[in-house]
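Analysis of the macromolecular model
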Amino acid sequence: MQFTNDRVSVYALPESQLTSDYAIDIGTRYRDASLIELPGGEAWVFDYGVMVFWGIDEDERLSLLHRLKIQSELLAGEHQEHFRFTVGAGEVKLQKDHITLSSDDPLLRLAISHALAQSIKLNDYELRAQHTIAEYSHLPKVLAETGSIKLGRRDIASIRGHLFSTKSDIFLHYNLLDTPEFFWEYPVYELAYNTAAKYLDIRPRVELLSNKLNVIHELFDMLADELKHKHSSFLEWIIIILIAFEIVMVGAEGLLSLF
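Attention here is on the structure that accompanies the text. Predicted model, so just to flag it, every value in this text is computed and none were measured.

1. Section: the pairing of strand β8 (residues 98–101)
- As paired elements, strand β6 (residues 80–87) and β8 share 4 bridges and run parallel to each other. Among the inter-strand pairings, Val87 is bridged to a residue of β8, identified as Leu101.
- Pairing of strand β7 (residues 93–95) with β8 involves 3 bridges; the strand directions are antiparallel. Across the sheet, the residue bridging to Leu94 is Ile99, located in β8.
- Hairpin remark: β7 followed by β8, antiparallel, with 2 residues in the connecting loop; positive phi at Lys96, about 50°.

2. Focus: the side chain of Glu81
- Inspection of the secondary structure assignment puts Glu81 in strand β6.
- A distance of 2.8 Å separates a polar atom in the side chain of Glu81 from a polar atom in the side chain of Asn123.

3. Focus: the pattern of salt bridges
- Within the structure shown, the criterion is met by 8 salt bridges.
- Measuring nitrogen to oxygen at the nearest pair gives 2.8 Å for the salt bridge that ties Asp6 to Arg84. Of this pair, Asp6 sits in the segment before β1 (7–12) while Arg84 sits in strand β6, and the two are 78 residues apart along the sequence.
- Owing to a relative accessible area of 40%, Arg84 belongs among the partly exposed residues under this scheme.

4. Topic: the packing of aromatic side chains
- Considering all chains together, one arrives at 12 aromatic pairs under this definition.
- Ring geometry for Tyr11 versus Phe53: centroids 5.8 Å apart, planes at 75°, classification edge-to-face. With Tyr11 in strand β1 and Phe53 in strand β5 (residues 50–54), this residue pair connects regions lying 42 residues apart in the sequence. The pair formed by Tyr11 and Phe53 is uniform in burial state, with each residue classed as buried.
- Relative to Tyr189, the ring of Phe182 has its centre 6.4 Å away and its plane inclined at 35°; by these criteria the two rings are tilted.
- For Phe182, a relative accessible area of 1% puts it in the buried group.
- The exposure class assigned to Tyr189 is buried, which follows from its relative accessible area of 14%.
- Cluster of aromatic residues (ring-pair linked, three or more members): Tyr30, Trp44, Phe182, Phe183, Tyr186, Tyr189 and Tyr193.

5. Some details on the packing of helix α2 (residues 106–136) against helix α6 (residues 190–199)
- Following both chains from N to C, one finds α2 and α6 inclined at 30°, their axes separated by 8 Å at the closest point. Judged by the angle between their axes, α2 and α6 are roughly parallel. As α2 packs across α6, the resulting crossing turns out to be right-handed. Taking contact as the criterion, the partners of Leu108, Ala111, Ile112, His114, Ala115 and Gln118 in α2 are, on α6, Ala192, Tyr193, Ala196 and Ala197.
- Looking at the contact of α2 with α6 residue by residue, the class counts come to 8 nonpolar, 2 polar and no charged.

6. Considerations on the environment of Ala157
- Among the structural elements, Ala157 can be located in helix α4 (residues 153–173).
- As for Ala157 and Asp221, which are separated by 64 residues in sequence, their C-alpha atoms are 9.2 Å apart.

7. Side note on the pairing of β6
- For β1 and β6, the ladder comprises 5 bridges, and the chain directions are antiparallel. Bridge pairing in β6 links Val10 to Glu81.

8. Quick word on the nonpolar core
- In terms of nonpolar packing, the biggest core is built from 43 residues, with Trp54 and Ile99 touching the most fellow members.
- When residues in this core are grouped by element, the largest group, 12 residues, is from α2.
- Taken domain by domain, the makeup of this core includes at least three residues from each of domain 1 (7–103) and domain 2 (113–229).
- Counting residues in each nonpolar core, the second largest holds 14 residues, with Leu13, Phe53, Ile56 and Leu65 among its members.

The rules behind these values
- Residues numbered from 1 in each chain as written.
- Predicted model: local features only at pLDDT ≥ 70, side-chain atom pairs only at ≥ 80, totals over all residues.
- Heavy atoms only, no water.
- Pairing = 2+ DSSP bridges.
- Helix = DSSP H or I, 4+ residues; strand = E, 2+ residues; numbered from the N terminus.
- Polar contact = N/O pair within 3.5 Å; in protein donor to acceptor, adjacent residues only side chain to side chain.
- Salt bridge = Lys/Arg side-chain N within 4 Å of Asp/Glu carboxyl O.
- Buried < 20%, exposed > 50% of the residue type's maximum accessible area, 1.4 Å probe, protein only.
- Phe/Tyr/Trp six-rings, centres within 6.5 Å; stacked < 30°, edge-to-face > 60°.
- Axes fitted to C-alpha atoms, helices over the stretch in contact; angles between N-to-C directions.
- Parallel < 35°, antiparallel > 145°, perpendicular 65-115°, else oblique.
- Left-handed = near helix turned anticlockwise from the far one by under 90°.
- Contact = heavy atoms within 4.5 Å.
- Nonpolar A, V, L, I, M, F, W, Y, C, P; charged D, E, K, R; others polar.
- Core = buried A, V, L, I, M, F, W, Y, C linked by side-chain atoms within 4.5 Å.
- Domains from an automatic or database assignment.

In structure tokens, the structure reads:
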């Protein structure tokens, strides 16, 4: 293929713009990705909201976004990465954000695109995790100093649900830790994917992110258990007071019956 330029651009749509049935129904389908051929290049569009452009200039990119009914402003934020590529002899290589392809094979580019798409999707979760850590990093210190946290049961349950949802997306929904199903049918391209995934540190980043989420989750599990204990203690005191009140009433009735 004759490409317009040597640029690879990777964009992630904001999570708020995705629906549960988000998918592209044009182009050639390969499991969770679609190939859309354009003048001077191609685009790989992934169902989980990532677009990888190979050699496409700005006008063609905007034209495709218009066809897909995607606002171009959605791709103008921080969720984007750019690389250069060339086609050469030998094996696939990635060095200093430059991709060297061993052949002009579109499925080889798809193998690389899978790793690029997973990496930028992971970027989004890393940013969200950092925001969550920054927002609640003061809680352990406050708990150590005062022995209590000013968060209700509903707030803690909501945060725990959010953390669980994030981990579920990483490990179940988007399969960021798994080899994409595409390679079940085309195992010859898996080596190229592994090369790109290793360069992008996908597995170590997922494991580090998981550890960070686990630490936060353990903190809120502890807070939830503490609130449950306080609530149980409160109920126990109510029961004790009610029993004491009943004893007093029975005693009072016994005294009155004597007169």
